[in-house]
Amino acid sequence: MQQAKDLKTYREELGEAIDNTFLHNTMDKFARAYPQGRENAFTGLDPQALIAEVVESKDSAIGRMEELYQEFKKNAEAAGVQVHLARTAAEATDIITRIAREEGCSRVVKSKSMTAEEVRLSRHLAGEGMDITEADLGEWIIQLRHEGPSHMVLPAIHLSRDQVAELFSEVTGALQSNDIEKLVKVARRELRVKFAEGDMGVSGANFCLADSGTIGFVTNEGNARLLTTLPRVHVALMGLDKVVPNLHEALKVLRVLPRNATGQAITSYVTWIHGPVECKAARNDRKIFHIVFLDNGRTTLAKDPLFSQILRCVRCGACANVCPVFRMVGGHHFGHIYVGAIGLIFTYFFHGRDNAKNLVKNCINCQACKSVCAAGIDLPRLRRWSRAFRTRRATNWTPGC
Ligand code: SF4
């Protein structure tokens, strides 16, 4: 665990971010475009009614989290998947490392997953001597820069095309133009080799359907489809909060998630995986498929009358998109691993009081996050309580570490 920053260092970093004109311009441009894109995507629909359906559905699933997990496990195992439950972040990384070792995997390709960020999976696997490649374009860029994501959906939003061209020139040893299409082609060329050579693919999941043991994920680049198809081993890592009873309930979230996240009616790819599929690279022509669920405090949170609502979060990133403080300083200074309004609260529960102590002071209580949350979470109220916990005016909670 990295050391929590002291207030003086944090303030200095905020000052630098505020003075960063490029960061301001980029964040402003995005923040101005987002509301219109969201509105267009909900045209003809009643967003509040759709969000109310998500609230009801997720609250019901959170209330039955352990029961739904058992149902999912039974059905997934019947389909040939090996299902694991990690109580802590360290247990999750240990389980995945053990799978890699047992299967003789050393080249890992990974799609974007906030749960993997939560447990710092890439860093852990790299520390174990594995060659790990982030397959999402934005994630690959920040991996090459040795940074974390600055947004849950747009991890490299803080970077200019010139910075990316310079980075890709270094990586490829050839001068690259700043033309975005050309840069995407460079990434595609470099990453395709990794997909082909990878022996283990690591994905997240947006949904886990208890009644069938199926997982589902939404992406825009198709990288997750490649890495769950080509390598002989697939490991999917997700929080226990991703289990829903069935497809019908998952579709309630799917109607809101892309519209709220990126102003899209639907993402380019929606993928459902049920059991290990045929794979010519695998022993017996059948893929080895493991699913690792992360608890990390979720079963305790699920029983909390006030804070259980944070488990409704569908990771759309909208609470960052509309936040005036996020817009001024960017995600690297407005979160620890998770960023935006929900990041202030997740940091407290998943990464500990010390890492949250400076962040929870940043909120100016404008309530913008509450008005756009895809899961109807009362973020300003929870942020106030997190701050009260931090100052020990109220606490009966043991935060994560
Ligand atoms: S808290 Fe709400 S707005 Fe923020 S990422 Fe989660 S679902 Fe989206």
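Residues numbered from 1 in each chain as written. Predicted model: local features only at pLDDT ≥ 70, side-chain atom pairs only at ≥ 80, totals over all residues. Heavy atoms only, no water.

Visitor: Explain a nonpolar patch on the surface here, please?
Guide: Among the surface-exposed residues, Leu247, Leu251 and Trp272 lie close enough to one another that they form a single nonpolar patch of about 240 Å² accessible area. Mapped onto the fold, Trp272 is located in strand β9 (residues 269–273). According to the relative accessible area criterion, Trp272 is partly exposed, its value standing at 33%. (Patch = residues over 30% accessible without salt bridge, like charges linked within 9 Å, V, L, I, M, F, W, Y side chains within 5 Å. Areas by Shrake-Rupley, 256 points an atom, 1.4 Å probe, with all protein chains shown as cover. Salt bridge = Lys/Arg side-chain N within 4 Å of Asp/Glu carboxyl O. Helix = DSSP H or I, 4+ residues; strand = E, 2+ residues; numbered from the N terminus. Buried < 20%, exposed > 50% of the residue type's maximum accessible area, 1.4 Å probe, protein only.)

Visitor: Would you take a moment to explain unusual backbone geometry for this structure?
Guide: Trans peptide bonds make up most of the peptide bonds, and negative phi angles are found at most residues other than glycine. Of note, the phi angle at His146 is positive, near 60°, even though the residue is not glycine. A relative accessible area of 75% places His146 in the exposed class.

Visitor: Help me out: how do you make sense of the packing of aromatic side chains in this one?
Guide: Aromatic ring pairs are described here by two measures, namely the spacing of the ring centres and the angle between the planes. Scanning the entire structure with this criterion turns up eleven aromatic pairs. Between Phe72 and Phe293 the ring centres are 5.3 Å apart and the planes differ by 80°, which places this aromatic pair in the edge-to-face class. Of this pair, Phe72 sits in helix α4 (residues 65–78) while Phe293 sits in strand β10 (residues 288–294), placing them 221 residues apart in sequence. Since its relative accessible area comes to 0%, Phe72 is described here as buried. Ring geometry for Phe326 and Phe334: centres 6.4 Å apart, planes at 70°, overall edge-to-face. Among the aromatic residues, ring-to-ring pairing joins Tyr69, Phe72 and Phe293 into one connected group. (Phe/Tyr/Trp six-rings, centres within 6.5 Å; stacked < 30°, edge-to-face > 60°.)

Visitor: What should I look at first to understand the sheet that holds strand β6 (residues 214–219) in this one?
Guide: Hydrogen bonding along the main chain pairs the strands of a sheet, whether they run parallel or antiparallel. As summarised here, the arrangement of the four strands in space is β8-β5-β6-β9, forming an open sheet in which the pairing is mixed. A single partner strand is all that each edge strand has here, and the edge strands are β8 (243–244) and β9. The pairing of strand β5 (residues 207–209) with β6 spans three bridges and is antiparallel. Among the inter-strand pairings, Cys208 is bridged to a residue of β6, identified as Ile215. Where helix α12 (residues 247–262) meets the sheet, its contacts fall on β5, β6, β8 and β9, and the angle it forms with β5 comes to roughly 165°. (Pairing = 2+ DSSP bridges. Contact = heavy atoms within 4.5 Å. Axes fitted to C-alpha atoms, helices over the stretch in contact; angles between N-to-C directions.)

Visitor: Would you explain the domain arrangement of the chain in this entry?
Guide: It is common to give the size of an interface as the accessible area that goes away when the parts come together. Per the domain assignment, the segments of the chain are domain 1 (7–41 + 317–390) and domain 2 (65–299). Spacing between the C-alpha centres of domain 1 and domain 2 amounts to 24 Å. With 26 residues of domain 1 in contact, the opposing surface of domain 2 contributes 26 residues. Buried surface at the junction of domain 1 and domain 2, summed over both partners, amounts to about 2,100 Å²; 62% is from carbon and sulfur atoms. Of all residues in domain 1, the largest losses of buried area upon contact with domain 2 belong to His332, Ile337 and Tyr338, amounting jointly to 27% of the total for that side. Counting the contacts that link domain 1 with domain 2 gives zero salt bridges. At the junction of domain 1 with domain 2, the criterion picks out nine residue pairs in polar contact (both at pLDDT 80 or more). (Domains from an automatic or database assignment. Buried area = accessible area lost by both parts, 1.4 Å probe. Polar contact = N/O pair within 3.5 Å; in protein donor to acceptor, adjacent residues only side chain to side chain.)

Visitor: Explain the site of the ligand to me, please; I cannot follow it from the model alone.
Guide: The ligand sits among 13 residues. The nearest are Cys313, Cys316, Gly317, Cys319 and Cys373. With respect to the detected pockets, the ligand is housed in the second largest cavity. Split by residue class, the shell around the ligand holds eleven nonpolar, one polar and one charged. (Near = heavy atom within 4 Å. 1 Å grid on protein atoms, 1.4 Å probe; cavity = no way out; pocket = protein on both sides within 12 Å on 5 of 7 lines; lining within 4 Å. Sits in = over half its atoms within 2 Å of the grid points. Nonpolar A, V, L, I, M, F, W, Y, C, P; charged D, E, K, R; others polar.)

Visitor: Can you walk me through the pattern of salt bridges in this structure?
Guide: Working definition: two side chains of opposite charge can pair if their charged atoms are close together. Evaluated as defined, the whole model comprises 24 salt bridges. Across the salt bridge formed by Lys303 and Glu66, the nearest N and O atoms sit 3.4 Å from each other. A residue pair is termed long-range when its members are at least 10 positions apart, and Lys303 in the loop between α13 (298–301) and α14 (318–321) and Glu66 in helix α4 qualify at 237 residues. The exposure class assigned to Glu66 is partly exposed, which follows from its relative accessible area of 43%. Between Lys194 and Asp131 there is a salt bridge, and its shortest N-O distance comes to 3.5 Å. Taken as a pair, Lys194 in helix α10 (residues 180–197) and Asp131 in strand β3 (residues 131–134) lie far apart in primary sequence, 63 residues in all.

Visitor: For this particular structure, what's the right way to read the packing of helix α8 (residues 137–144) against helix α9 (residues 161–172)?
Guide: The angle between the axes and the distance between the axes are what describe a pair of packed helices. Direction vectors running N to C along α8 and α9 enclose 70°, while the axes themselves pass 11 Å from each other. As the angle between them shows, α8 and α9 are arranged roughly perpendicular. By crossing handedness, the relation of α8 to α9 is classed as left-handed. When α8 is examined against α9, the residues Leu137, Trp140, Ile141 and Leu144 are found in contact with a partner set consisting of Val164, Leu167, Phe168 and Val171. Taken together, the residues that form the contact of α8 with α9 break down as eight nonpolar, no polar and no charged. (Parallel < 35°, antiparallel > 145°, perpendicular 65-115°, else oblique. Left-handed = near helix turned anticlockwise from the far one by under 90°.)

Visitor: Honestly, the nonpolar core in this entry has me stumped. Any pointers?
Guide: When a protein is soluble and globular, its nonpolar side chains tend to lie buried together. In this structure, Phe72, Ile215, Ile291, Phe293, Ile342 and Leu379 are the most contacted members of the largest nonpolar core, which totals 71 residues. There are two domains that each give this core at least three residues, and those are domain 1 (7–41 + 317–390) and domain 2 (65–299). Not counting chain neighbours up to four residues away, the residues in contact with Ile215 comprise Phe72, Ala205, Phe207, Cys208, His234, Ala236, Met238, Thr271, Trp272, Ile273, Phe289 and Ile291. Membership of the second largest hydrophobic core comes to 23 residues, among which are Ala89, Leu125, Val235 and Val292. (Core = buried A, V, L, I, M, F, W, Y, C linked by side-chain atoms within 4.5 Å.)

Visitor: Is there a simple way to explain the environment of Glu77 in this structure?
Guide: By the secondary structure assignment, Glu77 is in helix α4. Exposure remark for Glu77: the relative accessible area of 37% places this residue in the partly exposed category. Measuring from C-alpha to C-alpha, the distance between Glu77 and Val235 comes to 14 Å, with 158 residues separating the pair along the chain.

Visitor: What should I look at first to understand α8 in this one?
Guide: One full turn of an α-helix is made of 3.6 residues, so residues set three or four places apart face in the same direction. Among the residues of α8, those classed as buried are Gly138, Glu139, Trp140, Ile141 and Ile142. Backbone nitrogen of Gly138 and a side-chain oxygen of the N-cap are separated by 3.0 Å at the start of α8; the cap is Asp136. At the C-terminal side of α8, His146 shows a positive phi close to 60°.

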